[in-house]
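Chain and residue survey
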Amino acid sequence: MRRRSLIDDARDPIIKNEANSSNKSVHDILISGSSVTSPATLVDSLKADNVDVLLWESRQAKKGFLSVSDENVSPQHSVDLYIRCRSDRDNLESALSKIRFKNYDIEEISSPASGKKVWFPRHISDLDKCQSLQFNFDPNKDASHPGYSDESYRRRRTEICKLALAYRHGQKIEEVKYTESELKTWKTVYTSLKKDQEKFACAKFLKGMELLQNQCGYSQSEIPQMQKVSEFLFEQTGFQLRPIGGLLSARDFLASLAFKVFQCTQYVRHESSPLHTPEPDCCHELIGHVPMLCDPDFAKFSQEVGLASLGASDDDIEKLSTLYWFTVEFGLCKENGNLKAYGAGLLSASGELKHAMSDIPEHLPLVAEQVAVQTYQDSDYQPVYFVAENFENALLQFRKFYKEHIQRSFHVRYDEHGQRVVTTPELWRFKAKKTSN
Ligand SMILES: [Fe+2]
């Protein structure tokens, strides 16, 4: 079981307070001025006037967006104070008037109309509720799946999926005792990919694979157990694996990445089709995804896509999952002027890997705005692939894309220690709600 941290303990009263104070309302306040040098004093002043301060943060003032009352003060040295508090209106006005008297600018801010609110996980344990499976490639429902007419395969897959669905945060991941047939399929996949990966994979992937082989038991003769891989991955980049019983909805899958959790299937593809699977299986996840997740830059990129997805609209989830598709699943990059692959969908399937590296498909430079609206194939080879200059550039592009195109009124950051996300208003998208004299 997860031990509670001191931060968790400290936050509990805040959460309970929020739940129990329904007669008061929440206000987001921005205090700015050339002399916001002691935010704690201002917070104490509000508390002394019986305003419940739920959250406060000092932020560097942004000239051109936030008001900097003293133009002689360089913006980079100016600090704004953001406060979220709970209070009734009269009490709040009375408390703020005392601060305003000291020549601070006070702005109450509110989010622009943002449509319906979408639930999203706040703590890593909330991922227990993120199990919306998609059934389009499920062998129990999809006649084109190689295992559709094999009842014993479907029974075995269901058995393994049940273990995943019963999993709860904090538990050890159940071991699966793989059958001879499953081990044979793994061996075929593993050996068939090795040569092509050495030729076409980027350096980060090869380095991750080497680590996994040397320190985590990756080999052609054994399917690594997910718990062991998860512990190893956690030591490398803080990412961990969580078992899932099939193809997850884009929203739930991306949400997990925000918490540095990669949802991972445990069953093996059908033996009749070892080199291709229409749905993710453990060969795809462990061979295709995990080596890249051993790299800190790539792990950071994955988590930022996940954080951007929390509470996003359906349209924005579509854009983010398309971006994910053409980078994490089917991404190419340049290395010393040569084309290399880093996408898991390529590095776990020799056929598409060779196709992607050939002159047949189109190779376009990675431009996040363009990638996010590109149509894609989920049942055939892609006609177009996007090539990143490097991961740093991909991350910068993603951040720019997020800022300019994802319509969300709040910013999310990850509290690594508490394993929870913290939301605050995305200031540049907020409008002044009320300014008193
Ligand atoms: Fe994948």
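Scroll up a little and you will see the structure.
Described below are features of the structure shown in this document. As the structure is a computational prediction, the values presented were derived from the model and not from experiment. (Residues numbered from 1 in each chain as written. Predicted model: local features only at pLDDT ≥ 70, side-chain atom pairs only at ≥ 80, totals over all residues. Heavy atoms only, no water.)

Comments concerning the packing of helix H10 (residues 296–309) against helix H15 (residues 391–405)
Geometry of a packed helix pair, given as the angle between the helix axes and the separation of the axes. Following both chains from N to C, one finds H10 and H15 inclined at 10 degrees, their axes separated by 10 Å at the closest point. Regarding the angle of H10 to H15, the classification is roughly parallel. The segment H10 lies against H15, with Asp297, Phe298, Lys300, Phe301, Glu304, Val305 and Ala308 engaging Phe391, Ala394, Leu395, Phe398, Arg399 and Tyr402. Looking at the contact of H10 with H15 residue by residue, the classes come out as nine nonpolar, no polar and four charged. (Axes fitted to C-alpha atoms, helices over the stretch in contact; angles between N-to-C directions. Helix = DSSP H or I, 4+ residues; strand = E, 2+ residues; numbered from the N terminus. Parallel < 35°, antiparallel > 145°, perpendicular 65-115°, else oblique. Contact = heavy atoms within 4.5 Å. Nonpolar A, V, L, I, M, F, W, Y, C, P; charged D, E, K, R; others polar.)

Focus on the pairing of strand S10 (residues 384–388)
The buried count for S10 comes to five of five residues, which makes it a mostly enclosed element. Where burial is concerned, the two faces of S10 agree: the one with Val384, Phe386 and Ala388 and the one with Tyr385 and Val387 are both buried. (Buried < 20%, exposed > 50% of the residue type's maximum accessible area, 1.4 Å probe, protein only.)

Notes on the sheet that holds strand S9 (residues 362–365)
Spatial ordering of the open sheet is given by S8-S7-S10-S9, a layout of four strands whose pairing is mixed. Two strands in the sheet have a free side with no partner beyond their single neighbour: strand S8 (338–341) and S9. The mean angle between the axes of side-by-side strands here comes to 40 degrees, regardless of whether they run parallel or antiparallel. In this fold helix H13 (residues 350–357) packs onto strand S7 (332–335), S8, S9 and S10, with an angle of close to 155 degrees to the strand it touches most, S8. (Pairing = 2+ DSSP bridges.)

Things to note about the packing of aromatic side chains
Overall, the coordinates contain 11 aromatic pairs when judged by the stated rule. Measuring from centroid to centroid gives 5.4 Å for Phe253 and Tyr324, while their planes differ by 75 degrees, and the two rings are edge-to-face. Taken as a pair, Phe253 in helix H8 (residues 250–258) and Tyr324 in helix H11 (residues 314–329) lie far apart in primary sequence, 71 residues in all. Across the pair, exposure class does not vary: Phe253 and Tyr324 are buried alike. For the cation-ring pair, Arg157 lies above Tyr267, with the distance from its terminal atom to the ring centre recorded as 4.5 Å. (Phe/Tyr/Trp six-rings, centres within 6.5 Å; stacked < 30°, edge-to-face > 60°. Lys NZ or Arg CZ within 6 Å of the ring centre and 35° of its normal.)

Points about the pattern of salt bridges
With the rule as written, the count across this model stands at 24 salt bridges. The partner of Arg156 in a salt bridge is Glu182, with the nearest N and O atoms 2.8 Å apart. Of this pair, Arg156 sits in helix H4 (residues 151–166) while Glu182 sits in helix H5 (residues 180–200); the two residues are 26 residues apart in sequence, bridging distant segments of the chain. Each member of the pair, Arg156 as well as Glu182, is classed as buried. When the shortest N-O distance is used, the salt bridge between Glu389 and Lys334 registers 3.0 Å. Taken together, the residues span a long stretch of sequence, with Glu389 in the loop between S10 and H15 and Lys334 in strand S7 at a distance of 55 residues. Through salt bridges that share partners, Asp138, Arg157 and Glu279 make up one connected network. (Salt bridge = Lys/Arg side-chain N within 4 Å of Asp/Glu carboxyl O.)

Remember that the coordinates give geometry; whether it matters functionally is a separate question.
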